[in-house]
Structure formats: C-alpha cells, structure tokens
Amino acid sequence: MINRYDNLIIEFFCRIIAAPVFTFGVYIIFHGEASPGGGFQGGVILGAGFIMLAVAHGMDFTLRRIREKMILFLSCVGVFIYGGIGAACILWRGNFLDYGKLPLPLDSVSVIRGIGIMGIEIGVGLTVMGVMISIYYDLIDPGGIQPELSGGEEEEQWNSF
Amino acid sequence: MKPLKLLGLITVLITGFFLIYGVSDMPNWGDKNAPASTHVSPYYIQRSQAETNAPNFVSAVLADYRGFDTLFETTVIFCAGIACMMLLRKEDDG
Amino acid sequence: MEFILSKFNYWIYIIMMMIGFYAMIAKRNLVKKVIGMNIFQTAIILFYVSIGAKKGATIPILEAAHHAKIPPESIEVAKYINPLPHVLMLTAIVVGVSVTGVALALIILIYRRYHTVEEDEILRQLS
C-alpha cells in the first residue's frame, strides 16, 4: 500500500484525472441509449475511478470518500430502481418491464420507453459501480475495513500477505 | 512432462480437433446471410428506433426487449458482490 | 487455403480456447487456473462477437439525428452488424468479472488456511 506523499507524481496525476473519469462515467450512463455505452460500461468506469483513487492514495483516503455501507446501499438501490421501474409498470396495467405504460406527460409511447431505458440503466450503473468497488475492497484488505485503525497491527497483517 | 499433464494435453487436443472438424459447417466470417443475422436481428435493427426511441440497438435490446434477462444479470452480479463480502469480511459492527 | 482464410475467426477462438482449457486442466496453481478460465471466457466472447459480424457493415447505432422519424422499412439491415451477440456478451463480460472476483476470494480463503495456492501441496496437507 502506498503511503501518503510516497509518490507525488502518481498522486498529483490521479487528483487531476479523477474528476474527468467520474464525469465520463456519468456521461456514458446517461448517453447510453444514443451512443456506445450503457449502464454496465458506465458503472465499470465509475468503479474504476474509485479503484484508481484507492490504488494511488491508499484505502483510508478512499474510505473517507465512500464508505462500505454506502457502497452496499448504492448497489441495493440500483437493483431496487430496476425492479421498481418494472413493478411500477404493473401498477399502470402493463406487463412487467413494459415501460410504455408509465404515466409520464409525454405524447408518444416510444419516448416513454426511451425514458424507461434510461431509468433502468441508472440502476444497472449504480449496482455495477457498487459491486466493483466492493469486490476490490474485499480483495485488497485482509480483514475488516475500518478507516480509523491504520496502526501497526494492521500494517503487519498486510505485510504478511 | 508429467503423465497427468500429458493426459490433459491429449484431452485438449482431442477437443480442439472436434471443434475444428465442426468449423466446416459454420458460416464464413462477415456473411450477411448467416443464420444468426437473419432470424430476429432484422426486426431489432429496423424497429427499435421507432418503438423505443433509442438509436443504439444494443441498449434498446438490452434494456427493453430483453429487460428480464438484464434484470437477473444485475441480480447475479449483486449476489457476487454479496458473496465476496460474506467470504472475506471478518468482523461486522452493524 | 480458402477454408482457413474465410473462417479464420473460428480458428483463432479454437486456439485461444485450447490454451485456456489446458491451463484449467494442467496447471497446479489455482491463480493460473482462474487466468485460464478467463482466457476460455474471452475465447467464447470472441466467438459470439465474430458471429454477429457482417462484411462492410458499421456499429449497431442508427446513423441519423437523435429524434428523427425514420420509417422502419427504409433502414437497411445489411448496413448494421447484428446487435444480439453484443447484448449477450455485454452481460457475459460483467458476469465474468463477478465470477473472477468470487474465485479470487475463495483463493484468498484457501491461502489463509493452507498457506499455499499450489494444488498438490493442498492435497498433501489434506491427506
């Protein structure tokens, strides 16, 4: 694990590139229906941004930005958005995942279906982002992850791996 | 080379031989009239813009026509994340 | 010769699949087995994507303005490659990443218990 101020070039470069990476991921998710991209790809890019921060700045820095409970919450919310949009179509007398029946104030059915596609891609993106960061956090840390405990004991446990 | 590895190599070569034998029945690369490209994909290519207002056919098929597939695909990767967490995380304080 | 050149995508995927299969069977290291599984998976993904290819066609995105009303009959099917294998493989890639994550987690647990990832040494400790 790289300690703080160990490698100034990597840290500085990641600090510069982080904001464009996250913006690009959100762009990929929201523009997925009109250009190459979609929920899976954008979610992977967002997750890779957080993994980049964790590699360059260390786990403590990243855990202060996005906690593990927050990651789990985001991935649960992603699946819930997807299933919720599907179930909401049943309430307005459609089939499951029949977005054309959603009561949006738009004139044509096809536009409403496009909005539905965008909605479920947000859900997919959140889930994929959460799972990517969660798998990385679990694989990289030998024990439970706690940002306060960065003392000697955990360092020793890390070095033994 | 150990005998077990030799057995593995022979198995792999036999599998590869049968696959190469089956290649002669497959369509050529870039064939416009391949069976995979004539059954349901013309419908997707022609109708998805009119029906779902999405110029990207892949997104339209992924999220609309095959939405059920994608829903459970999302559930599968969510379960994989949960499985990693249950396997590797030691203590849990809430 | 024409048999090889016109179907080279299948040859490439068969060779990649044999490499991955051999790594899964013959290698003793568990991490190498997981890498072999990934190579196998990449070969299958390549096979599916190459099935959807059409000569002279472009990516499966409609070449038009975003909200243009185009009659469905005027869209030329041969101009766009088959989007269906791309959809299937898009989900398969993400599932492959999940499978790799779970497999690496299991390998970490095996290492914690037996202090090795070599298969024969684990079997020696078990017996």
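As the structure is a computational prediction, the values presented were derived from the model and not from experiment.

Conventions used here
Residues numbered from 1 in each chain as written. Chains lettered and ligands numbered in written order. Predicted model: local features only at pLDDT ≥ 70, side-chain atom pairs only at ≥ 80, totals over all residues. Heavy atoms only, no water. Contact = heavy atoms within 4.5 Å. Buried area = accessible area lost by both parts, 1.4 Å probe. Nonpolar A, V, L, I, M, F, W, Y, C, P; charged D, E, K, R; others polar. Helix = DSSP H or I, 4+ residues; strand = E, 2+ residues; numbered from the N terminus. Salt bridge = Lys/Arg side-chain N within 4 Å of Asp/Glu carboxyl O. Polar contact = N/O pair within 3.5 Å; in protein donor to acceptor, adjacent residues only side chain to side chain. Expected span 1.5 Å × (residues − 1). Buried < 20%, exposed > 50% of the residue type's maximum accessible area, 1.4 Å probe, protein only. Patch = residues over 30% accessible without salt bridge, like charges linked within 9 Å, V, L, I, M, F, W, Y side chains within 5 Å. Areas by Shrake-Rupley, 256 points an atom, 1.4 Å probe, with all protein chains shown as cover. pLDDT = per-residue confidence, 0-100. Phe/Tyr/Trp six-rings, centres within 6.5 Å; stacked < 30°, edge-to-face > 60°. Lys NZ or Arg CZ within 6 Å of the ring centre and 35° of its normal.

J.: Which residues make up the interface of chain C and chain A, and what are the values?
T.: On the chain A side, the residues contacting the 13 residues of chain C number twelve residues. Here chain C meets chain A over a buried area of about 1,100 Å², counting both sides, of which 80% is carbon and sulfur. Split by residue class, the side of chain C that touches chain A holds eight nonpolar, four polar and one charged.

J.: Break down the environment of A:Y27 for me, citing the residues and quoting the values.
T.: Counting through the fold element by element, A:Y27 comes out in helix 1 (residues 8-30). Considered as a pair, A:Y27 and A:G49 are 22 residues apart in the sequence and their alpha carbons are 14 Å apart.

J.: So what's going on with the interface of chain B and chain C? Which residues, and what values?
T.: Counting from both sides, the interface comprises 50 residues of chain B and, opposite them, 53 residues of chain C. The junction of chain B with chain C conceals about 5,000 Å² of combined surface from both sides, 73% of it contributed by carbon and sulfur atoms. Looking at the side of chain B facing chain C, the largest losses of area belong to B:W29, B:I45 and B:Q46, adding up to 14% of the total buried there. At the surface where chain B touches chain C, the tally comes to zero salt bridges. Where chain B meets chain C, there are twelve residue pairs in polar contact (both at pLDDT 80 or more). For the side of chain B that touches chain C, the secondary-structure elements that each account for two or more residues are helix 1 (3-23), helix 2 (35-38), helix 3 (41-52), helix 4 (57-65) and helix 5 (67-88) of chain B.

J.: Before we move on, could you go through helix 3 (residues 30-51) of chain C and cite the residues and values that matter?
T.: Residues and elements named next belong to chain C. For helix 3, spanning 22 residues, the distance from its first C-alpha to its last is 32 Å, which sits close to the expected 32 Å at 1.5 Å a residue. Along helix 3, the residues that are buried comprise L30, K33, V34, G36, A43, I45, F47 and S50. Two to three positions downstream of the cap, the backbone nitrogen of V31 sits 3.1 Å from a side-chain oxygen, assigning the N-cap of helix 3 to N29.

J.: Any chance you could break down the side chain of C:N29 for me, citing the residues and the numbers?
T.: Residues and elements named next belong to chain C. Position of N29 among the secondary structure elements: in the loop between helix 2 (8-26) and helix 3. There is a polar contact of 3.1 Å between the side chain of N29 and the backbone nitrogen of V31. Excluding its chain neighbours within four sequence positions, the residues that come into contact with N29 are V117 and E118.

J.: So, a nonpolar patch on the surface: which residues are in play, and what are the values?
T.: Residue and element names in this part refer to chain B. A cluster of nonpolar residues, M1, L6, I10, I14, F17, F18 and Y21, forms a patch on the protein surface that exposes about 830 Å² of accessible area. With respect to the helices and strands, F17 occurs in helix 1. Its relative accessible area of 52% is what places F17 among the exposed residues.

J.: Can you lay out the confidence of the model for chain C for me, pointing to particular residues and giving the numbers?
T.: Here chain C shows a mean pLDDT of 89. Residues at 70 or above account for 98%. Here helix 1 (residues 2-5) of chain C is the element of chain C with the lowest mean pLDDT, 76, and helix 3 of chain C is the one with the highest, 93.

J.: A description of the packing of aromatic side chains should follow, citing residues and the corresponding values.
T.: Counted according to the given criterion, the structure contains 15 aromatic pairs over all chains. Considering the side-chain rings of B:Y43 and B:Y44, the 6.3 Å spacing of their centres and the 65 degrees angle between planes classify their relative orientation as edge-to-face. Residue B:Y43 is classed as partly exposed on the basis of its relative accessible area, which comes to 38%. In this structure B:Y44 comes out as buried when scored by relative accessible area, which is 9%. Considering the side-chain rings of C:F47 and C:Y48, the 5.9 Å spacing of their centres and the 85 degrees angle between planes classify their relative orientation as edge-to-face. In this structure, A:R65 is placed above the aromatic ring of A:F61, and the distance from its NZ or CZ to the ring centre is 3.9 Å.

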